[in-house]
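Given next are the chains, with one letter for each unit.
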Amino acid sequence: MKFLQQYPKEVRAFLIASLVNSAGGSLMWPLTTMYVFDELGRSMQDAGLVILLQSMGGIAGQLLGGAMYHRIGVKRLIVGSLVLNAVGLFSLPFIHGFWPLLLPMMLFIGFCNAISLPAIQAFIGFRFADRRGELFNVIYVANNIGIALGTAMSGFLAEISYHLSFVANGITSLGFAVFFWIYLMRLDGAEGELTSQHPKVKNPLPAGPGAWALLANIRIYLFMGLGSLFMWFGVSVWNTGVSPHIISEGMSKAAFSYLWTLNGILIFVAQPLTTLIKRWFARTETAQMTFSALFYTGAYMIIVVMNNYPGFMLGMVLATLGEMLVSPAIPAFIADRTGNNAPFYIGVAGGMGAAGRVIGPYAMGTLYDGGGLTPVAWLAVGIAVMSFFSFMVHARLNKNFPDVLKKSQRE
């Protein structure tokens, strides 16, 4: 790909490895609800419980990953969590149908998968500080090319065996761990240990305020985190509303995969459109978050009005535009404004977003069992509106924050 040539060799390797890992990861997560609902023959409420536990592990993983970044080191944190995630995934075929063991294992997988996320984002922000805003977006695009590839295969693999998806996900997670181990070992050898003293890596040990003092600075994270929480709550409508509706209507499992394939393709081909949106309407990260919530609200309204597959596709287009605006904006906002404390705040914001994944699937699964897709879609609309107002408050509180930061730096 020509656009890769503008980046250093180590960035290109990182992008390719991220793409492969995200392709493996996407083989599993769209199918978790289908696996419980279809393969195990359990209710949507049970499917919501599985995702709830997986998301609870994700909350703990995000918070711990951000807090432990400086304490145990980027190498052990990222590589160790990816290896443990692979072990958990490889175990799933062996506990098939054993419900009491499946639940804690999904909690474990959610934890191990999430603990590496703030660490990887913080590492990018420190390692490539001069281009981190651009790279957050490029890596996001690369990950979603992988998701497009993975989801294109997931429905077809599910027709053969759900366990193939779990094993393939485990293989890519293990491969990403090996890549990171080699990558960081070479970085150590070329530039010395990855410590706070190294100016290029910028991986400092915390010498300033503790966790409670950092949490007291609510302007940085609270309303952004709440907006993310509501956003991810609403996104649950796809797995816990649209997915079982597609099955109940007699459509193939591949039809659900096509929606997420559309998501991945749009993230790549619609970059010029989001660039124009950022240039004309949403120049700052806070504005991008706010506009993303508007797109999500429109997407869920489409599902309410057009309760059919064309409506799902149109809704996915709008939701994807919202995702393209918000996903790179949150880590970029934090990395630009919190300096050495970025891993902590990335973990906190990610943990709050993961809380939405906890509440959403269980609430929507219960609602679906009682009334089908329509009440679930209406709930998603209301939650998206709450996300919009949360991001609006965050933007208002941080309106003059860059100026304050620059002033303090001059002084």
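All values derive from a computational prediction rather than experimental measurement. (Residues numbered from 1 in each chain as written. Predicted model: local features only at pLDDT ≥ 70, side-chain atom pairs only at ≥ 80, totals over all residues. Heavy atoms only, no water.)

Trainee: Explain the confidence of the model for the protein chain to me, using residue names and the numbers behind them.
Mentor: Interpreting fine coordinate detail is not advised for predicted regions of low pLDDT. The predicted model of the protein chain has a mean per-residue pLDDT of 80, with 84% of residues at 70 or higher. Within the protein chain, helix α12 (residues 285-305) carries the highest mean pLDDT (95), whereas helix α16 (residues 401-410) carries the lowest (45). Low pLDDT (under 50) marks residues 403-411, which in the prediction has 2 contacts with non-local residues, meaning those over four places away or in another chain. (pLDDT = per-residue confidence, 0-100. Helix = DSSP H or I, 4+ residues; strand = E, 2+ residues; numbered from the N terminus. Contact = heavy atoms within 4.5 Å.)

Trainee: Hey, could you go over the pattern of salt bridges for me, with residue numbers and the actual values?
Mentor: One pass over the full model with this rule turns up 2 salt bridges. Across the salt bridge formed by Arg 337 and Glu 285, the nearest N and O atoms sit 3.6 Å from each other. With Arg 337 in helix α13 (residues 309-338) and Glu 285 in helix α12, this residue pair connects regions lying 52 residues apart in the sequence. According to the relative accessible area criterion, Arg 337 is buried, its value standing at 17%. (Salt bridge = Lys/Arg side-chain N within 4 Å of Asp/Glu carboxyl O. Buried < 20%, exposed > 50% of the residue type's maximum accessible area, 1.4 Å probe, protein only.)

Trainee: Can you explain a nonpolar patch on the surface? Please cite residues and give values.
Mentor: A surface patch of nonpolar side chains, about 580 Å² in accessible area, is lined by Val 83, Val 87, Leu 174, Val 178, Trp 181, Ile 182 and Met 185. Listing elements by their share of the nonpolar patch, those giving two or more residues are α4 (74-91) and α7 (162-191). Considering every element that reaches the nonpolar patch, the biggest residue donor is α7, with 5 residues. Along the polypeptide, Val 83 turns up in helix α4. Look at Val 83 and you get partly exposed, because its relative accessible area is 32%. (Patch = residues over 30% accessible without salt bridge, like charges linked within 9 Å, V, L, I, M, F, W, Y side chains within 5 Å. Areas by Shrake-Rupley, 256 points an atom, 1.4 Å probe, with all protein chains shown as cover.)

Trainee: Residue-level account of the nonpolar core, with values.
Mentor: Membership of the largest hydrophobic core comes to 103 residues, with the highest contact counts inside it found for Trp 238 and Tyr 300. Broken down by element, this core gets its largest block of residues, 13 residues, from helix α5 (residues 99-127). Built from parts of two domains, this core gets at least three residues from each of domain 1 (8-189) and domain 2 (211-398). Ignoring anything within four residues of it in the chain, the contact list for Tyr 300 reads Met 231, Gly 234, Val 235, Val 237, Trp 238, Ala 377, Ala 380, Val 381 and Ala 384. Among the nonpolar cores identified, the runner-up in size contains 8 residues, and Leu 19, Tyr 140, Val 141 and Met 324 belong to it. (Core = buried A, V, L, I, M, F, W, Y, C linked by side-chain atoms within 4.5 Å. Domains from an automatic or database assignment.)

Trainee: Break down the packing of aromatic side chains for me, with residues and values.
Mentor: By the definition in use, this model includes 13 aromatic pairs. Here the aromatic rings of Phe 179 and Tyr 183 are separated by 5.5 Å at their centres, their planes lie at 25°, and the arrangement is stacked. Placement of the pair is Phe 179 and Tyr 183 together in helix α7, with a separation of 4 residues, close to one helical turn. Here Phe 179 matches Tyr 183 in class, with each residue buried. Ring geometry for Phe 388 against Phe 389: centres 5.3 Å apart, planes inclined by 70°, an arrangement best described as edge-to-face. Exposure remark for Phe 389: the relative accessible area of 51% places this residue in the exposed category. Linked through ring pairs, Phe 176, Phe 179, Phe 180 and Tyr 183 together constitute an aromatic cluster. When the ring centre of Trp 99 is taken as reference, the NZ or CZ atom of Arg 42 above it lies at 4.0 Å. (Phe/Tyr/Trp six-rings, centres within 6.5 Å; stacked < 30°, edge-to-face > 60°. Lys NZ or Arg CZ within 6 Å of the ring centre and 35° of its normal.)

Trainee: If you had to explain the side chain of Gln 288 to someone new, which residues and values would you point to?
Mentor: By the secondary structure assignment, Gln 288 is in helix α12. Judged by relative accessible area, Gln 288 falls into the buried class, the value being 9%. Setting aside residues up to four positions removed in sequence, Gln 288 forms contacts with Lys 278, Ala 282, Arg 283, Leu 325 and Ala 329.

Trainee: Hey, could you go over the environment of Tyr 309 for me, with residue numbers and the actual values?
Mentor: Tracing the sequence through the fold places Tyr 309 in helix α13. Separated by 50 residues in the primary sequence, Tyr 309 and Leu 259 place their C-alpha atoms 9.2 Å from one another. Look past the residues within four positions of Tyr 309 in its chain and what remains in contact with it is Ile 246, Met 251, Ala 255, Tyr 258 and Leu 259.

Trainee: Before we move on, can you summarise the side chain of Asn 398 with the specific residues and values?
Mentor: With respect to the helices and strands, Asn 398 occurs in the loop between α15 (373-397) and α16. On the basis of relative accessibility, which here comes to 4%, the residue Asn 398 falls in the buried class.

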